[in-house]
Every structure is written in structure tokens, then in C-alpha cells.
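# Breakdown of the fold
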Amino acid sequence: MEIKNYSSDLGFILLGLSSNPQLQKPLFAIFLIMYLVTVMGNLLIILVIHSDSRLHTPMYFFLSNLSFTDICFTTVIVPKMLANLLSETKAISFVGCLVQMYFFIACGNTDSYLLASMAIDRLVAICNPFHYDMVMNPRRCLLMLLGSCTISHLHSLLRVLLMSRLSFCASHVIKHFFCDTQPVLKLSCSDTSSSQIVVMTETLAVIATPFLCILFSYLRIIIAVLRIPSAAGKWKAFSTCGSHLTVVALFYGSIIYVYFRPLSMYSVVKDRVATVTYTVVTPMLNPFIYSLRNKDMKRGLRKLRDRIHS
């Protein structure tokens, strides 16, 4: 029987978060508010950092880029999801699906590498403070940012090229609210065993590298902090890492749950909830985590507020 790639012609149907018609408008309102909070909150973080010269440090350089990436990350997914909640067709073209997948993976991986860069920054600040300015100089920070973006986009390109070669000849209904790798792979009538191996291998390499870098950095930080004799000194050192650790736990916890399991264990309902956590909830919470738990950001917010009112 000849295999024809019907989805290349017809595209896909994104089932969304729920097929219940009564939930469409409430879900639209909830996610519209979450999206607006995400965009405005992260834009505020960027504005505060760029307006306060005391925040022109490596840590806040990476934070401002993390906020920008978070805006892009949610914008790739949420507007299309909102449109589908009010639409009867909920369609997305095959090319549109691959484009969404490309930028979703690229932004997600960039987030991951930026979190690793921030962990390295904290490691140098706590374990080697006298050489901090020399190690974390502007040129090196820029190279770390460019390296993060380059690796992320190359990984995303490889994934999309791999998916574009698959055939989809049966159902074209994606049981998800965006074009993610796992639900799209489940629709293919091609032999996806080799694709799954490649996806798992390169995902492990690209995502595990920054994650292990974060673990190593905080292991070194914990060892260094435990050597500080005073309790006040230990608390001061740990307090500079609290916001970052909270974001890392939210982001990586949900990603590991969704992606580091065999395709056969994929669960539509459970994985959609976990995916919402790192695609929508975490980017929305980042500005609150960094502004409410960070004295420098609070000071910058007050300074910006006073400047606007004056």
C-alpha cells in the first residue's frame, strides 16, 4: 500500500487543552491573562535592568535575555492556542506546525543554556569573587549568550528536518495545544524507531549538558558556602541563588517528566499539564520570583517607579 503524506497537504488539527465546548471561553480568558502577565512582567524586568546602571552586571545581563527568550517562548505557542480556543477548525498547516516546533525548541533550549550561564555566574561570584570581573567579563558573557543561541537553533533545525521527512497518512489530529515532538511522532505512519532514538539521544545531549552544568555549579557552591564560618555569611551567599534555584526547579522538573521517557509512556492529559507548567506558568512566574526575592530588583523597581512619577 502506497504511503502518502496527507498531512503535508491538509495540515494538522490541534485538539487543544480540552474538547469540551463549555470550557473554551473560560480557558481563553485564563490563558489570555497569563500571556499578558508574562509579556508585561518580563518586559518590566528588561526595562528595570536596562534603566538601572547598578544592574548592568553579568547576572542581570543573562536575566534580561532570559526574560526576552521567555516572551518569545510563550508567543510561539499561546497566541495560536488562544485563536484555536475560539475557532471551530483548530487547524495548523504542516509548514506552520514545523515552524512552531522549530521556534519552540530553539527558545526552550536557549532558556536552558541561559539558566546554566546564570549558575556559572553564581559559581564564580561565590567561589572566586576576587577574579569575578576578570572571569565574567562582557566579552565572555556575550560569547556565552551567542553560544547558547547557536547550539539551540542548530538542535532545533536538526529536529525539524528529522520531522519533515516523516509521513503522516492516518489521523492528523494532534492531541495537544501545540506542535510538540512526541504527539506529532505518534501520528506518523513511518517507522519512527530510528527517529525516536535520534530525538532521545540529541535531546539528552542538549538538555542534559546545561542541567549537569547547573548541578555541578551548585554542588561547588554548597561546598564553598558550608566552609563559611558564620551563619549570616552562609545565608547571604545562599540568598543570591534562591530565585535562580526556584526557576530551575520549575523549568527542569516539568521538562524531565515530559521528555525523558519512552514514547509508549506518553500520556495526553498528564503531559499536557506538565507542558503548560514550563511553557506558560514558569515564564509567567519568573518576573515575580526574581522581583519579589531579589533586593537589587526591588530597588530597581522602586527607582523606575519614582522616575515615572517624577
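Residues numbered from 1 in each chain as written. Predicted model: local features only at pLDDT ≥ 70, side-chain atom pairs only at ≥ 80, totals over all residues. Heavy atoms only, no water.

Within an unreviewed UniProt entry, the label attached to the protein reads Olfactory receptor 1L6, and the organism entered is Ursus maritimus. Here is the UniProt Function (unreviewed entry) comment for the protein, exactly as written: "Putative odorant or sperm cell receptor." (UniProt positions renumbered as here; feature names shortened; annotations may be inferred.)

## A short note on the side chain of serine 112
Along the chain, serine 112 turns up in helix H4 (residues 94-127). If we ignore the near neighbours within four places in the chain, the residues touching serine 112 are Ile207, Pro210, Phe251 and Tyr252. (Helix = DSSP H or I, 4+ residues; strand = E, 2+ residues; numbered from the N terminus. Contact = heavy atoms within 4.5 Å.)

## Quick look at a positive patch on the surface
Residues Lys236, Lys295, Lys298 and Arg302 make up a contiguous surface patch of positive charge. Ranked by residue count, the leading element in the positive patch is helix H12 (residues 295-309), at three residues. Checked against the element boundaries, arginine 302 lands in helix H12. (Patch = residues over 30% accessible without salt bridge, like charges linked within 9 Å, V, L, I, M, F, W, Y side chains within 5 Å. Areas by Shrake-Rupley, 256 points an atom, 1.4 Å probe, with all protein chains shown as cover. Salt bridge = Lys/Arg side-chain N within 4 Å of Asp/Glu carboxyl O. Lys, Arg positive; Asp, Glu negative; His and termini not counted. Charge placed at Lys NZ, Arg CZ, Asp CG, Glu CD.)

## What to know about the state of the cysteines
Chemically, a disulfide is nothing more than a covalent bond linking the sulfur atoms of two cysteines. Inspection of the entire model under this criterion finds one disulfide. What pairs with cysteine 97 in a disulfide is cysteine 179, and their sulfur atoms sit 2.1 Å apart. Of note, the bridge from cysteine 97 to cysteine 179 carries an S-S torsion of about -125° and is left-handed in sense. With cysteine 97 in helix H4 and cysteine 179 in the loop between strand S3 (173-174) and helix H7 (181-185), this residue pair connects regions lying 82 residues apart in the sequence. We classify cysteine 97 as buried; its relative accessible area is 1%. Here cysteine 149 is not disulfide-linked; the sulfur of cysteine 107 is the nearest cysteine sulfur, at 9.1 Å. (Disulfide = S-S within 2.5 Å. Buried < 20%, exposed > 50% of the residue type's maximum accessible area, 1.4 Å probe, protein only.)

## Examining the pattern of salt bridges
Within the structure shown, the criterion is met by three salt bridges. In this structure, arginine 54 engages aspartate 52 in a salt bridge whose closest nitrogen and oxygen atoms are separated by 3.7 Å. On the accessibility criterion, arginine 54 (48% relative accessible area) is partly exposed. Residue aspartate 52 is classed as buried on the basis of its relative accessible area of 1%. With its nearest N and O atoms 2.7 Å apart, the salt bridge here joins arginine 122 to aspartate 121. For the pair arginine 122 and aspartate 121, a shared accessibility class is recorded, and that class is buried. When salt bridges with common partners are traced through the structure, they connect Asp52, Arg54 and Lys303 into a single cluster.

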